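Observations on the model geometry
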Amino acid sequence: MEMYYFLEVHIPADLEAKLASISYSGFACSGIEEFAIEEARVDEILGERSYSGGDVPTSVIDEVEHTLSDGTIATKFYFNTKDDVEKFQKYLKDEYNLNSLLKAEEIKDWNEEWKKSYKPIFISDELEVVPEWDKNTYQSKAKNQLYIYPGMGFGTGSHETTFLCLKLFFEMTKKPKEVISCLDFGCGSGILGLAVSLFNSKSKIDLYDISDEALDNSKQNIELNDLSHVDFRLLLPEERQELQPKYDVVFANILQNVLLAESKYLASVVNPGGALILSGLLKGQEQEVITSLQKNNPSLVLKSVLNKGDWVAVLMEQNS
């Protein structure tokens, strides 16, 4: 009988993003889910702000979702092996004195549990990202929808960093400008490259990842959105030499250590007037990455930094 494993742990809010990043990069975590606080506590929070009916502001909804009476966030960390989950459990105890509850369930239950972690992401009036299983039922408020089967490579920080990268993309394209070429470096589900293709159907888009599973997921999402007419290339490290020398838009939504290791390359592949959009960064990590990129290419100019929760995204442009 195949099993999957998860830890239930209440983590301090200020450690949420850091531990999420560490769980993925150091312990092979395959998914993270915040589990709901008790209904009575939700009523208490809303009552404190005198919301007894009508629309509740988004900021308050976010607070409800992220607040417990003791200032911690109830979180599940999912793993594919018992060894990985036990190592992470020990790490949480040794480094942060956090107690956790280890559970195991049959793999047949994984799919539905995992889906609970993914909700539609409203980017702007122009775009909303919708999970594949909501395709026929969800009433989107945006002009365009991108349907995604997230897979396990949806991206560091998932909703937050995806949201930030796409916000910066729309900020960059306020000036009417066609994107001829795009690189999604560490593409995961392919979500960022696919989003560009919705608005630039003639663009040449390279989706690059170290994982076969990620590229399979990207291909699945291309088909899901009927984008087979777009010029996509799906490339693994052994095909890296096939990447184009320059791109109009380069995304890299990956962890800080990878961004630093790849900063020389990323700094070199942006066309004059083009954009480099980075995320997967926690607050405070962005300056070291920016400095490294500008050291490798002084013509890269910082244009914008956006935050959501504890995550940060950066927009840089290559001077003409």
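Calculation notes
- Residues numbered from 1 in each chain as written.
- Predicted model: local features only at pLDDT ≥ 70, side-chain atom pairs only at ≥ 80, totals over all residues.
- Heavy atoms only, no water.
- Salt bridge = Lys/Arg side-chain N within 4 Å of Asp/Glu carboxyl O.
- Helix = DSSP H or I, 4+ residues; strand = E, 2+ residues; numbered from the N terminus.
- Buried < 20%, exposed > 50% of the residue type's maximum accessible area, 1.4 Å probe, protein only.
- Arc of directions from axis to C-beta.
- Contact = heavy atoms within 4.5 Å.
- Expected span 1.5 Å × (residues − 1).
- Pairing = 2+ DSSP bridges.
- Axes fitted to C-alpha atoms, helices over the stretch in contact; angles between N-to-C directions.
- pLDDT = per-residue confidence, 0-100.
- Core = buried A, V, L, I, M, F, W, Y, C linked by side-chain atoms within 4.5 Å.
- Phe/Tyr/Trp six-rings, centres within 6.5 Å; stacked < 30°, edge-to-face > 60°.
- Lys NZ or Arg CZ within 6 Å of the ring centre and 35° of its normal.
- Parallel < 35°, antiparallel > 145°, perpendicular 65-115°, else oblique.
- Left-handed = near helix turned anticlockwise from the far one by under 90°.
- Nonpolar A, V, L, I, M, F, W, Y, C, P; charged D, E, K, R; others polar.

What to know about the pattern of salt bridges
All told, the structure shown has eight salt bridges when counted by the stated rule. The partner of glutamate 86 in a salt bridge is lysine 82, and the shortest N-O contact between them spans 4.0 Å. Of this pair, glutamate 86 and lysine 82 both sit in helix 4 (residues 82-96), separated by four residues, roughly a single helical turn. One connected set of salt bridges, linked through shared partners, spans Glu8, Lys76 and Lys103.

Things to note about helix 11 (residues 286-296)
Within the sequence span of helix 11, burial applies to Glu286, Val289, Ile290, Ser292 and Leu293. Along the axis of helix 11, the buried positions cluster into a sector of 165°, meaning they face one direction only. Close packing links the buried residues of helix 11 with helix 9 (256-261), helix 10 (263-268), strand 12 (270-282), strand 13 (300-308) and strand 14 (311-318).

Some words on helix 1 (residues 16-27)
Given a rise of 1.5 Å per residue, 12 residues ought to cover 16 Å, and the 16 Å separating the end C-alpha atoms of helix 1 matches this to within 8%. Along helix 1, the residues classified as buried are Glu16, Ala17, Leu19, Ala20, Ser21, Ile22, Ser23 and Phe27. After helix 1 finishes, the residue alanine 28 shows a positive phi value of roughly 60°.

Remarks on the sheet that holds strand 4 (residues 101-106)
Here we have four strands laid out as an open sheet, ordered 2-3-1-4, and antiparallel in their pairing. The sheet terminates laterally at strand 2 (31-34) and strand 4, the two strands that pair on one side only. Along the sheet, successive strands turn relative to each other by an average axial angle of 25°, direction set aside. With eight bridges joining them, strand 1 (residues 3-12) and strand 3 (residues 72-79) adopt antiparallel strand pairing. Its bridge partner being in strand 3, histidine 10 is matched across the sheet by alanine 74. Its contacts with the sheet put helix 4 on strand 1, strand 3 and strand 4, and the angle it makes with strand 1 is roughly 15°.

A closer look at the confidence of the model for the protein
For the protein, per-residue confidence averages 83 on the pLDDT scale, and residues scoring 70 or more make up 81% of the total. Contacts from residues 37-46, a stretch scored under 50 in pLDDT, to residues over four places away or in other chains number 16 contacts. Confidence over residues 48-61 falls short of pLDDT 50; this stretch has 10 contacts with residues more than four positions distant or in other chains.

A closer look at the nonpolar core
By size, the foremost hydrophobic cluster in this structure holds 40 residues, and its most contacted members are Ile123, Phe169, Phe232 and Phe251. Ignoring any residue separated from it by four or fewer positions in sequence, one finds isoleucine 123 in contact with Glu128, Val129, Phe163, Leu166, Lys167 and Phe170.

Notes on the packing of aromatic side chains
Applying the stated criterion to the full structure yields 15 aromatic pairs. One cation-aromatic arrangement involves lysine 135 over tyrosine 147; the distance from NZ or CZ to the ring centre is 5.1 Å.

Quick word on the packing of helix 6 (residues 159-172) against helix 7 (residues 191-199)
Put simply, helix 6 and helix 7 touch, their axes get as near as 11 Å, and they point 30° apart. Here helix 6 lies roughly parallel to helix 7, going by the angle between them. Helix 7 is crossed by helix 6, and the crossing has right-handed handedness. On helix 7, the residues that touch Thr162, Cys165, Leu166, Phe169 and Phe170 of helix 6 are Ile191, Leu192, Ala195, Val196 and Phe199. For the contact of helix 6 with helix 7, a count of residues per class yields nine nonpolar, one polar and no charged.

Observations concerning the sheet that holds strand 7 (residues 144-148)
Here three strands make up an open sheet; going across it, the order is 5-6-7 and the pairing mixed. Edge positions in the sheet fall to strand 5 (121-124) and strand 7, since each of these pairs with one other strand and no more. Between one strand and the next, the sheet's axes are offset by a mean angle of 20°, whatever the strand orientation. Here strand 6 (residues 127-131) runs beside strand 7; their pairing, made up of five bridges, is parallel. Following the sheet pairing, valine 129 is matched in strand 7 by leucine 146.

Describing the pairing of strand 5
In the sheet, strand 5 pairs with strand 6 via three bridges, with the strands oriented antiparallel. The partner of isoleucine 121 across the bridge, within strand 6, is valine 129. In this antiparallel pair of consecutive strands, strand 5 and strand 6, the connection spans two residues.

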